[in-house]
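Single-letter residue listing:
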Amino acid sequence: MNRPVRSEGVLPARHAPRQTGRQVEVRNLWKSYGRGAYVVRDVSFTLRRGEFLTLLGPSGSGKTTSLMMVAGFEAPSRGEILVDGRDIADRPPEQRNFGVVFQGYALFPHMSVLENVEFGLRMKGVSTADRRRQAIEMIDKVGLAEFTSRKPRELSGGQQQRVALARALVFEPDALLLDEPLGALDRKLRENLQAEIKDIQKRFGISILFVTHDQDEAMMMSDRIAVMADGRIVQMGSPAEVYLHPVTSFVAGFLGETNLLPGSFKGIDGSHAVIEFREGVLGRARLPADGRSRAAGAAVLVSIRPERVHLLPTNGRPHVHDGATVQGSVTGCTFLGRHARYLVQSLDQSLAVSTTEWSPDAALPLGAPVRLTWAAEDAQILGEPDAAPSSLRPARVDGQGEH
């Protein structure tokens, strides 16, 4: 009996998971082109065995160049790349045992799905019978067994992406390196394939280094996120950690929307900092690592996510959080389906508030007086203002001149 043809959707979990991934360690990686500015500067991270680690940042942040150095397509100016403790920085790409998938998939248009998947094995000298068997098994694992004889032009974008994944996985790589592999797809298909890639990772136990500029994609797929800017990693942690507790205004603004409140550091109250947001308006915020060393009166910037701000009409039930409670007035409201976004004039600026408790009959009118309140744990004091220059001239290293 013929099996039904599958198009898109989550892959069937019919293969037992096994741990194939390796630990990849990047130490103090730098990259410049000739005597120009560094495009990657002192980047260090560890891709743990079986982990999904994302390099997230805007265009020009150095994330793709970092991945290309790990893959071997770019030579580092200095630094180390190790797999399970073995230095591979001087090895060519074909000797690094990494599977790489680019945004364009790079499938051979004149080859069938089967021929595309077995191509890498053929280059490695695997016998015809063995490479055919391995390729067919891998094609089946990514749910394309019915399409082995088709050419790439006869496949959907999602199916082509699965072929590229199968080709990258067929030789059991130490890690899978993905450079914006979903960038050319529409939103619904992107969401389906995000789930499929995560499913593949779990079933194969593969270590994945993923590059994207899409914050939602990084939050949904990653075990950890390394946020990059100006060639450096500015923060690394779990999706919840980097979103809820950003360390700089760049991270706070790049990962979704946030309210940035200037204030003055007044002192410490238990485990929280006391902040004066405006003359006579005090609040409490999460104490950063360097909080106890700050001088009284020091200027600070506090980040509060819109969904962490509670909006109450002035005649509503009294509810005061331990962070702060301030007065304001509604200046705008937008219904966005899953939630509503209010703009409130308060503390001499416009603050965004996101709420799911909204209906056309209960919407607050423009000019309505309101109270805003939030918890101290949801107010994050940021580090020093971001001062990363747009470029850094290569430094002299070990008397060898500029790199």
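Structural notes, computed from the coordinates. (Residues numbered from 1 in each chain as written. Predicted model: local features only at pLDDT ≥ 70, side-chain atom pairs only at ≥ 80, totals over all residues. Heavy atoms only, no water.)

### Remarks on the overall build of the chain
Next, step 1: From N to C terminus, the chain includes eight helices and 20 strands.
Next, step 2: Taking all contacts inside the chain whose residues are at least 6 apart in sequence as the whole, residues at least 24 apart take part in 70%.
Next, step 3: Accessible surface, the chain as shown: approximately 18,900 Å² in total, 50% of it carbon and sulfur. (Helix = DSSP H or I, 4+ residues; strand = E, 2+ residues; numbered from the N terminus. Contact = heavy atoms within 4.5 Å. Areas by Shrake-Rupley, 256 points an atom, 1.4 Å probe, with all protein chains shown as cover.)

### Comments concerning helix α5 (residues 187–204)
Next, step 1: Its 18 residues give α5 an end-to-end C-alpha distance of 26 Å, which sits within 8% of 26 Å, the value for a rise of 1.5 Å per residue.
Next, step 2: At its buried positions, α5 is contacted by β3 (52–56), α3 (128–141), α4 (157–169), β7 (175–179), β8 (208–212) and α6 (215–221).
Next, step 3: Following α5 by one or two positions, G205 has its phi on the positive side, about 65°. (Expected span 1.5 Å × (residues − 1).)

### Regarding the sheet that holds strand β15 (residues 310–313)
Next, step 1: If you trace the five strands from one edge of the open sheet to the other, you get β15-β19-β16-β17-β18, paired in antiparallel fashion. With partners counted over all chains shown, the strands left at the sheet margins are β15 and β18 (349–355), one partner each. Recorded for the sheet is a direction-independent mean angle of 45° between the axes of neighbouring strands.
Next, step 2: Two elements, strand β17 (residues 340–346) and β18, share seven bridges in a ladder whose sense is antiparallel. Each bridged residue has a counterpart across the sheet, and for Q345 the counterpart in β18 is S350. (Pairing = 2+ DSSP bridges. Axes fitted to C-alpha atoms, helices over the stretch in contact; angles between N-to-C directions.)

### Side note on the nonpolar core
Next, step 1: One finds V117, V163, L165, L176, L178, I197 and I208 to be the most contacted residues of the largest nonpolar core, which totals 36 residues.
Next, step 2: Of all the elements in the fold, those that place two or more residues in this core are α2 (113–123), α3, α4, β7, α5 and β8.
Next, step 3: Of all the elements, α4 adds the most residues to this core, at six residues.
Next, step 4: Discounting chain neighbours no more than four positions away, the residues touching L178 are L67, V101, L165, I197, I208, L209, F210 and V211.
Next, step 5: In this structure, V300, Y342, W374 and I381 belong to the second largest nonpolar core, which totals 28 residues. (Core = buried A, V, L, I, M, F, W, Y, C linked by side-chain atoms within 4.5 Å. Buried < 20%, exposed > 50% of the residue type's maximum accessible area, 1.4 Å probe, protein only.)

### With respect to the side chain of H245
Next, step 1: Of note, H245 is situated in the loop between α7 (239–244) and α8 (249–254).
Next, step 2: Polar contacts involving the side chain of H245 include one to the side chain of Q380, which spans 3.1 Å.
Next, step 3: When residues no more than four places from it in sequence are discounted, the contact partners of H245 are Q235, A240, R286, E377 and Q380. (Polar contact = N/O pair within 3.5 Å; in protein donor to acceptor, adjacent residues only side chain to side chain.)

### Quick notes on the environment of E377
Next, step 1: Summarising the element assignment, E377 is placed in the loop between β19 (369–374) and β20 (380–381).
Next, step 2: Judged by relative accessible area, E377 falls into the partly exposed class, the value being 39%.
Next, step 3: Along the primary structure E377 and G323 are separated by 54 residues, whereas in three dimensions their C-alpha atoms are 7.4 Å apart.
Next, step 4: Every residue in contact with E377, bar those within four places of it in the chain, is listed here: H245, H272 and R286.

### Regarding the pairing of strand β2 (residues 38–47)
Two faces belong to every sheet, and in a regular strand the side chains alternate between them.
Next, step 1: Bridging between strand β1 (residues 24–32) and β2 involves six bridges; their strand directions are antiparallel. Its bridge partner lying in β2, V26 is registered against F45.
Next, step 2: Between β1 and β2, which follow one another and run antiparallel, lie five residues, and G34 among them has a positive phi close to 65°.

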